[in-house]
Each structure stands twice: as structure tokens, then as C-alpha cells.
Amino acid sequence: MTARDLWQAFSRADRDPDALALGDLTRRTAVDRVTELAQRLRAQGVRPAQPVGLQGPNRPEWVLGLLALVAAGACPLLLPADSPPAETHRLLRTAGARRALVVDPDGADWAVLTGESEGADRGLASGETGSEPPAQAPGTLLLASSGSTGTPKVVARSPRSVLDEGVRYHRAGLARPDDRVLLPLPLSHAYALGWLAGALVAGAHVDPVPPRAVGAVHARLRERATVLVTVPGLARVLARRRALADDAPFPALRRVMAGAGYVDAELDALWTRTLGVGVSRNFGSSETGAVLWGEPGLASGAVGHPMPGVRVDLLDPEGRPLPGSGAAQGELAVVLEDGSTHRLHDLADRDEHGVHRILGRARLGVVRRGARWVSTMEVESVLRTAPGVADLSVTATGPDDSDDQGLTVEYVPADPELAAPRRLQAYARAELAAYKVPDSFQPRYRLRRSAVGKAQAAPVYRLAAARPVTPAEQVLAAALAELGLPPLLVGGAAAADLARTAGLRADVLSPVLDTACALGLLATDSDSAGPPDAGVYPPDVVLAGRALAARVRGDAVGEGPRPPAAPAGPPPPDAGLRAAVEGLLAEAAVDGTPLEIGDGGVPQSADAEYGACVVVGGVHGPAARLGSLAALLKPEGLLVVADTFVSEPLALTDETSRTTVVRWLVDGHLHWWTAQELRAGLEAVGLRVEEIRAAEQAPYTILTARKTS
């Protein structure tokens, strides 16, 4: 590879200038736009080797912005699109970046440089020491990575390192010149960057789309995308999507690659059975890029052989490479093209054919009973199939050097009875060897995950400087004050610690704290602490706050009238919404009379199997148990849900969503805030979600699902 960086690899003169290269842009158009933006950046004071943030949605313009920063000689800091302002500020400060290129494809100016140039006089922000990060070569890419530790850090990848990874993909035949590579991944993530480099090096067509744009993925597959790059969680959603399955096979699709997560044989079989293409595997790190890959058909957890140009070793406990290339078990270490060695801190075994299987992070690999390794990812994969489990994460407890660590399971139950801790424990004992059975099973209302599905550590909450203004904000602030939490939050505390200290229900406290963060009353950034709020609120707001505080304490909540000034819920369903639901039932030719279920949950007398059940505005009711809904249906029976949801409970951007979520909290609704969460819950109780679509009657969404036979 003669190019020095990604920009030179993309703009090579021997490529067809009129062929589509980036989304709907030809190579000629893309090169012109990058050249113009790079000139503008230089004119605005961007200098070689200067770190500059890059943030924006997963669209072709993001790639143009990346290439323009590289062409200008800057060091792009790839900021996650969904990072809140406090986290973005922290990452910029860590990388020594004072400016950011914000990409907005729909704006009048699609790329805007914000912040101050290095020559500007700038005082240090609170918490800054004035020390600068190490200088990097022009074109170095800076990646924001959690490193699987939950603590964000910045990883520097030299231009040569990124190109070398791209060449690996090309030499392995994963990215070819005639490919149309579909990337529904966060482009700021190292996994997506590697594939982007591979496609640019190969001269392939790259099509980036937003991570959750399932409809866009479907459209691109119909338009003859040849390679789909995804993560295991999204791969499961796509394979179960009715429209994709109905249109399969996709004649042009030759490879589905899943990385940044555990791929089991069940997922591989699901894709093969449903869409006719099995799931390939990918494995690497932020520092090294992808280093292992495998064809479909491998065992659960296996990721295959080393990629071209790299050597993969297994190390013994003293850090020495194990001899030979046969069966062995140890810590992964990689020697890259430039001769550098990297210990990946992952435990793996290698079979006699040289196929590697990842057991887990070295710090999370659990040594129990006879020094046997237990893969937390294996345990997680097995327990995900337990009845009623909508989401699940397994972590190790105890000192890292202990030979008898514990295992803790945190999970989201689709039904509190169906997935009670005792039942999940019994399932684990039936499916796993005794030394693999976890010690603790903790139900949670939601697990925090990154955009590529990695479980994230529980946050530390602190008071923010914002004052409550709207009724929704005031209700939450009143509840926090009623619970006596503001003084405890000044120095920062996790939800579990607060619950123990104040004697509160952690499962109810967590959504309250997350919602307070989304409304700006709390923050998880160390620089955002503020003084306790001592506001005086109207009596009806105080009543709503007390009702919410009672739920967090676990006290019985009275049946008195709702406070009139508390945030109002969604408008009641109108005739148009009910007509849309009746139209769906008519199209489905339902067997018998549908059972309609309201806010009160499943009627006690409803013990028969129905051909269809309808839930209008009742999913968020306190008695909404998804297992009991599924039990009412005959095999292949239809469930129709029409309810209101929010798009992202941790980032509430509009006032309607904010007031709706606070209303849910006051009324005791802790689950199924997003349509995708409800999908996971319904699938966990044996239903197959067929369609999710917005209703004409805002703000409702209509979801249909069938009971599997």
C-alpha cells in the first residue's frame, strides 16, 4: 500500500471517478467535497497534528468530514454521536482538542467547525491541569474507547496502523473492489473504522446508515448490498424482521459479519435459516484493529484464524508465548505488521485446527473449582435463552487474583414472575455445569449499553447546576428532596450505594436517577457537581413528588386523585387509532373475538386462549406482565399493542417525552419505555414481533406480534 493515509487511499487517481463510492455520492463528487472542506479547515486555522473532534450522525457526510480532517493534516478525535455534552467536553479535554467539526447533513452548512483555535487565549476549565497529551503525527486517528473497563479513554491509531488494518480486510477477501459495504454501525467505533478502512483501501462502495435504521438496512439489501457489517444484537433484530425474511434471499449479499460481541451458533443458524447467509466473526481491539476472523459455521464464541499480516500468540500466566500452534489456552497477544506487540487482556483457547475461541476479558475470566476457566460470555449466551429474560449481563466479582471469584447476573425480566431470580437460577443449574452457575441474580429495569451493545458500568450520579423549571423537572426535584438525596449526590454516588444508604428500592431509584439526568437535574460527569436545590414548589407538584418518593421507598401509594399540575400523560386514544387497530385485525382474519386489555392489566377471568389480544394505551400500566399477555394467545395468535413510547429514555430531547416519562414514574411504570425494549420483552416470552410502525395518531406506535407455535 503506497498511500500514506485514508485520504490518499480514497482519492487514488486509478479509481473510476464516476462510480458510486460513498452513499449516493460518486467518487468525483466526494473528492471535490473533501478537497473544498479541507481547504476551508486550513483557512479557519486547523494546523497539522492538531487534534480536532468529529461528531455527527452515521451518514456519508461523516466520512467526508473524517477524510477532510485527515487531508488537512489534523488528528481527528472520533466522538460518539450520542455522547451528551458533558462527556463530549471530557473527551475533547482528554485529547487536548479545543475545536470540533460538527457534521449536520440536513443543515444549511453541512460541516461546521466549533470552538477556539490553539492561538486563542483560553482559561482552563474546572478540573483541567493544563498538561497536554502527547503530540501525534499528522493524520493520527484518536478513538474514544471504554476498553471494556467502563472508563472512557482515548486511543491513538497512526495513519499507517489504520491503513494496515484496511489491507488485512482486503487481503482476506472480506472487502473487494466490487463490494457494496453496508455499515449500520457507529462510525466512531474502532470496529466500524476498520471496516471503513478496508472498504476505502479496496476501492469498494461504502454505505453508512444510522445504527438503528432497520428499514434503511432492508432497503440497501434490496438494492444489492454485498457485505453487511453488524453487531450480534442488531443481527438478531434484523434476522427476525419480517420484511427482511420475506424478501430473502438477497442475491447480492455474500457476507454478514458480526463483531464487537459474542456470536453463538444459534445466531449463525438463525441467519442461515432465515436469510440464507451465515454469520462470519470478527475480533480485535481499539489499539490493534481486527486481528481474528472466521467463516460461518463456527462454534459459539469462536472467532477463527489470524487475519493476514498479523501473528496471534497465546501467553502463559507469566506472559511467555506458549510453544507451537496446536491446542492451547492463554491470554491473547498480537504482533502487528510494524513489529509492535500488544497484549489484548482477553483469554482464549485455540483448537487443533488453529481456530480461536474467546473466553472473556482476562480480568473477568473466572477461575473456580479446580482452576477451571469460566467464560462470562458463554454463561451470558446460555442464560439469554431462559424464559422471560429480555436482556442480561454477567460479570465477575471478587479480587482479580482470586482463584475462586464469583459471578453476578444482572438482567431485565419480561415478566417478574416468569423470570424471577429463583427460576433463572434453576434454569442455570439445568443448563450449565455446577462450577459455571452464577452466585447472584439481580433483576434490573434496564441495562446500560453502548451503541455497539457492550454492557456499561453503573454510573456515578452528581447534582448538576441546572434548576428545575418545568413541572416535570420540579416533580423529580421534589421527589429527590423528599428522599433526602441532594446532600448525598454532591460528592457523587451510584444508585446501588444510594439505595443501601437511604434504605430505598434500587430497581425504582435507578430509573428516577436516569430520568433526572435526562432532564439535566443530575449528571454523571465529574465536573458537573452543583449545590443542593432548595426550591419551593406548588402543592400539587409536591404531592406528585411525594407519591414518587413513596414508590422509591417501597411504601404503599395511596389511591387519591392525581395532582392536577403533575405532568400530563399522552392524550387518550381516539377513534382513528382504534379504527387502525380494527383494520389490522380485519386483515389478519382473527379467529374469534379479540380480547381487549386496558390499563388494569389482564382480567382475572381471562383464562381462555384467544386468537387475538389488543392492548391500547395499557403497556405502561403497573400490571402489564408480558408473560401473562403471551399466555392468553393461541399458537399463532396475534397481539396488537398501540401505545406511546419515547425514542431514548437516557436522552429526552423534547418536552412531550420528558413529561410523559415523569408521568410514568409517578404512576409506577418502570419498563418498556421504547418500542425496541418492548420488542425484546415480547420475544423473551415467546412472541415473534412482526411490525413496529408509527400510528397516524401521534404520539402512538402500533406493534404487532404472534405467538410462536
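Residues numbered from 1 in each chain as written. Predicted model: local features only at pLDDT ≥ 70, side-chain atom pairs only at ≥ 80, totals over all residues. Heavy atoms only, no water.

Student: Which parts of the structure should I look at to understand the overall build of the protein?
Tutor: Check the secondary structure of the protein and you find 21 helices and 32 strands. Across the 709 residues in the protein, those meeting the buried criterion constitute 53%. Considering only intrachain contacts with a sequence separation of at least 6, the fraction spanning at least 24 residues in the protein is 66%. Carbon and sulfur atoms provide 51% of the accessible area of the protein, an area that totals close to 29,400 Å². (Helix = DSSP H or I, 4+ residues; strand = E, 2+ residues; numbered from the N terminus. Buried < 20%, exposed > 50% of the residue type's maximum accessible area, 1.4 Å probe, protein only. Contact = heavy atoms within 4.5 Å. Areas by Shrake-Rupley, 256 points an atom, 1.4 Å probe, with all protein chains shown as cover.)

Student: Honestly, helix α20 (residues 655-667) in this entry has me stumped. Any pointers?
Tutor: What sets the pattern is the α-helix's 3.6 residues per turn: residues three or four places apart point alike. The end-to-end C-alpha separation of α20 is 18 Å, in line with the 18 Å expected for 13 residues at 1.5 Å each. With eleven of 13 residues buried, α20 lies mostly within the body of the structure. Considered for burial, the residues of α20 that qualify are S657, R658, T659, T660, V661, V662, R663, W664, L665, V666 and D667. A distance of 3.2 Å separates the backbone nitrogen of T656 from a side-chain oxygen at the start of α20, and that oxygen is part of D654. At the exit of α20 stands G668, carrying a positive phi of roughly 90 degrees. (Expected span 1.5 Å × (residues − 1). Polar contact = N/O pair within 3.5 Å; in protein donor to acceptor, adjacent residues only side chain to side chain.)

Student: So what exactly am I meant to see when it comes to the environment of T408 here?
Tutor: Looking at the secondary structure, you find T408 in strand β23 (residues 406-413). Distance in space between the C-alpha atoms of T408 and V437 is 9.5 Å, their sequence separation being 29 residues.

Student: Just checking my understanding: could you explain the confidence of the model for the protein for this structure?
Tutor: Predicted coordinates in areas of low pLDDT are best not read in detail. When the pLDDT values of the protein are averaged, the result is 86; 89% of them are 70 or greater. Across residues 120-131, confidence stays below pLDDT 50; counting only partners more than four residues off in sequence or on other chains, it has eleven contacts. Predicted confidence is poor over residues 147-151, with pLDDT under 50, and the contacts of this stretch with residues over four places away or in other chains come to nine contacts. (pLDDT = per-residue confidence, 0-100.)

Student: It is not clear to me how the sheet that holds strand β26 (residues 493-494) should be interpreted in this structure. Could you clarify?
Tutor: Within a sheet, neighbouring strands are paired by backbone hydrogen bonds and run either parallel or antiparallel to one another. With respect to topology, three strands assemble into an open sheet ordered β26-β25-β27, the strand pairing being antiparallel. Two strands lie at the open edges of the sheet, namely β26 and β27 (522-523), each paired on one side alone. (Pairing = 2+ DSSP bridges.)

Student: Explain unusual backbone geometry here, please?
Tutor: Residue P249 is reached from A248 by a cis peptide bond, and omega for that bond is 0 degrees. Structurally, P249 is set in the loop between α9 (242-247) and β12 (255-258). With an omega of 5 degrees, the peptide bond running from A698 to P699 counts as cis. When you line up the elements, P699 lands in the loop between β31 (687-694) and β32 (700-707).

Student: Please explain the sheet that holds strand β24 (residues 440-443) as it appears in this structure.
Tutor: Taken in spatial order, the three strands line up as β22-β23-β24 in an open sheet, and their pairing is mixed. At either margin of the open sheet sits one strand with a lone partner, and together these are β22 (389-397) and β24. Within the sheet, the average angular offset between the axes of one strand and its neighbour, ignoring direction, is 20 degrees. Across four bridges, β23 lies against β24 in parallel orientation. Bridge pairing in β24 places T408 opposite S440. The strands that helix α11 (residues 376-383) touches are β22, β23 and β24; relative to β22, the one it contacts most, it runs at about 155 degrees. (Axes fitted to C-alpha atoms, helices over the stretch in contact; angles between N-to-C directions.)

Student: In this structure, what is going on with the pattern of salt bridges? I would like to understand it.
Tutor: Note that side chains of opposite charge can pair when their charged atoms are close. In this structure the tally under the stated criterion is 42 salt bridges. Put simply, D109 and R40 hold a salt bridge, and the shortest N to O gap is 3.5 Å. Separated by 69 residues along the polypeptide, D109 in the loop between β5 (99-103) and β6 (111-115) and R40 in helix α2 (residues 27-43) bring together distant segments of the chain. Residues D268 and R281 are paired through a salt bridge, measuring 3.4 Å at the closest nitrogen-oxygen approach. Of this pair, D268 sits in helix α10 (residues 265-275) while R281 sits in strand β13 (residues 279-285); the two residues are 13 residues apart in sequence, bridging distant segments of the chain. Overall, D268 belongs to the buried group, its relative accessible area being 6%. For R281, a relative accessible area of 1% translates into the label buried. Connected through salt bridges with shared partners, the residues E636, R688, E690 and R706 form a single ionic network. (Salt bridge = Lys/Arg side-chain N within 4 Å of Asp/Glu carboxyl O.)

Student: It is not clear to me how the packing of aromatic side chains should be interpreted in this structure. Could you clarify?
Tutor: For any two aromatic rings, the description comes down to two numbers: the centre-to-centre distance and the angle of the planes. Considering all chains together, one arrives at three aromatic pairs under this definition. Residues W664 and W673 carry aromatic rings whose centres are separated by 5.9 Å and whose planes lie at 45 degrees to one another, so their mutual orientation is tilted. Side by side, W664 and W673 carry an identical accessibility label, which is buried. In textbook terms, an aromatic cluster arises when at least three aromatic residues are bridged by ring pairs, as seen for Y445, W664 and W673. (Phe/Tyr/Trp six-rings, centres within 6.5 Å; stacked < 30°, edge-to-face > 60°.)

Student: Whenever I open this one, the nonpolar core confuses me. Can you help?
Tutor: Most often, soluble globular proteins keep nonpolar side chains buried together rather than apart. Residues L6, W195 and W271 are the most contacted members of the largest nonpolar core, which totals 103 residues. Considering every element that reaches this core, the biggest residue donor is helix α6 (residues 190-202), with eleven residues. Once residues within four sequence positions are removed from consideration, W271 is found in contact with L228, A235, L238, A239, V256, G276, V277 and V279. One finds A478, L480, L652 and V662 within the second-largest nonpolar core, a separate group that totals 41 residues. (Core = buried A, V, L, I, M, F, W, Y, C linked by side-chain atoms within 4.5 Å.)

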